Amino acid sequence: MRSVLAYSVSRFLLFAATAAILFLIGVTGLLNLALSVLISGIVSYVVLSKQRDAVSTVVAERAQRGRGDGGEEGGSH
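This is a predicted model, so every value here is computed, not measured. (Residues numbered from 1 in each chain as written. Predicted model: local features only at pLDDT ≥ 70, side-chain atom pairs only at ≥ 80, totals over all residues. Heavy atoms only, no water.)

Trainee: Is there a simple way to explain the overall build of the protein in this structure?
Mentor: Looking only at helices and strands, one finds three helices and zero strands in the protein. Split into buried and exposed, the 77 residues of the protein put 17% on the buried side. Sequence-distant contacts, at least 24 apart, represent 54% of the contacts inside the protein between residues at least 6 apart. A total accessible area of about 5,900 Å² is found for the protein, and carbon and sulfur atoms account for 66% of it. (Helix = DSSP H or I, 4+ residues; strand = E, 2+ residues; numbered from the N terminus. Buried < 20%, exposed > 50% of the residue type's maximum accessible area, 1.4 Å probe, protein only. Contact = heavy atoms within 4.5 Å. Areas by Shrake-Rupley, 256 points an atom, 1.4 Å probe, with all protein chains shown as cover.)

Trainee: Which parts of the structure should I look at to understand the side chain of Ser 36?
Mentor: Its place among the elements puts Ser 36 in helix H2 (residues 29–47). We classify Ser 36 as buried; its relative accessible area is 0%. Excluding its chain neighbours within four sequence positions, the residues that come into contact with Ser 36 are Phe 15, Thr 18, Ala 19, Leu 22 and Gly 41.

Trainee: Whenever I open this one, the packing of helix H1 (residues 2–24) against H2 confuses me. Can you help?
Mentor: When two helices pack together, their arrangement is given by the angle between their axes and by how far apart the axes lie. For the pair H1 and H2, interaxial distance at closest approach is 8 Å and the crossing angle is 130°. As judged from the angle between their axes, H1 and H2 are oblique. Regarding H1 and H2, the two cross each other, and that crossing is right-handed. Of H2, the residues touching H1 (which contributes Arg 11, Leu 14, Phe 15, Thr 18, Ala 19, Leu 22 and Phe 23) are Asn 32, Leu 33, Leu 35, Ser 36, Val 37, Ile 39, Ser 40, Gly 41, Val 43 and Ser 44. Broken down by class, the residue content of the contact of H1 with H2 amounts to 10 nonpolar, six polar and one charged. (Axes fitted to C-alpha atoms, helices over the stretch in contact; angles between N-to-C directions. Parallel < 35°, antiparallel > 145°, perpendicular 65-115°, else oblique. Left-handed = near helix turned anticlockwise from the far one by under 90°. Nonpolar A, V, L, I, M, F, W, Y, C, P; charged D, E, K, R; others polar.)

Trainee: Sorry if this is basic, but what is going on with a nonpolar patch on the surface here?
Mentor: A surface patch of nonpolar side chains, about 680 Å² in accessible area, is lined by Leu 38, Ile 39, Ile 42, Val 43, Tyr 45, Val 46 and Val 47. Here Val 43 lies in helix H2. (Patch = residues over 30% accessible without salt bridge, like charges linked within 9 Å, V, L, I, M, F, W, Y side chains within 5 Å. Salt bridge = Lys/Arg side-chain N within 4 Å of Asp/Glu carboxyl O.)

Trainee: When you look at H2 in this model, what are you seeing that I'm missing?
Mentor: Its 19 residues place the ends of H2 26 Å apart at the C-alpha level, agreeing with the 27 Å of an ideal helix rising 1.5 Å per residue. If you check which residues of H2 are buried, you get Asn 32, Ser 36, Ser 40 and Ser 44. Down the axis of H2, the buried set is contained in an arc of 75°. They therefore lie on one face. Facing away from the buried side of H2 by more than 90 degrees, the exposed set consists of Leu 30, Leu 31, Leu 38, Ile 42, Tyr 45 and Val 46. Elements in contact with the buried residues of H2: H1 and helix H3 (49–67). (Expected span 1.5 Å × (residues − 1). Arc of directions from axis to C-beta.)

Trainee: I would appreciate a short explanation of the environment of Ala 54 in the present structure.
Mentor: Inspection of the secondary structure puts Ala 54 in helix H3. On a C-alpha basis, the gap between Ala 54 and Val 4 in space is 8.0 Å, while along the polypeptide they are 50 residues apart.

Read these as geometric descriptors, not functional statements.
The following block contains the structure:
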């Protein structure tokens, strides 16, 4: 779960830094919010790829454990 927390914090920090930079250059309001989401999303896609892969692994392992030891998808009810 440490990787999930690290990835989430990194994403938030990228968003906050992007919003702050845009604010400093004069972009405010909803435009700042929209551009911050867009720009930080693109940057995180490139910069945080290894962290995203680690989170994906953790989530997949937890999902596998949640299904039980059989690992069947859509088993009988």
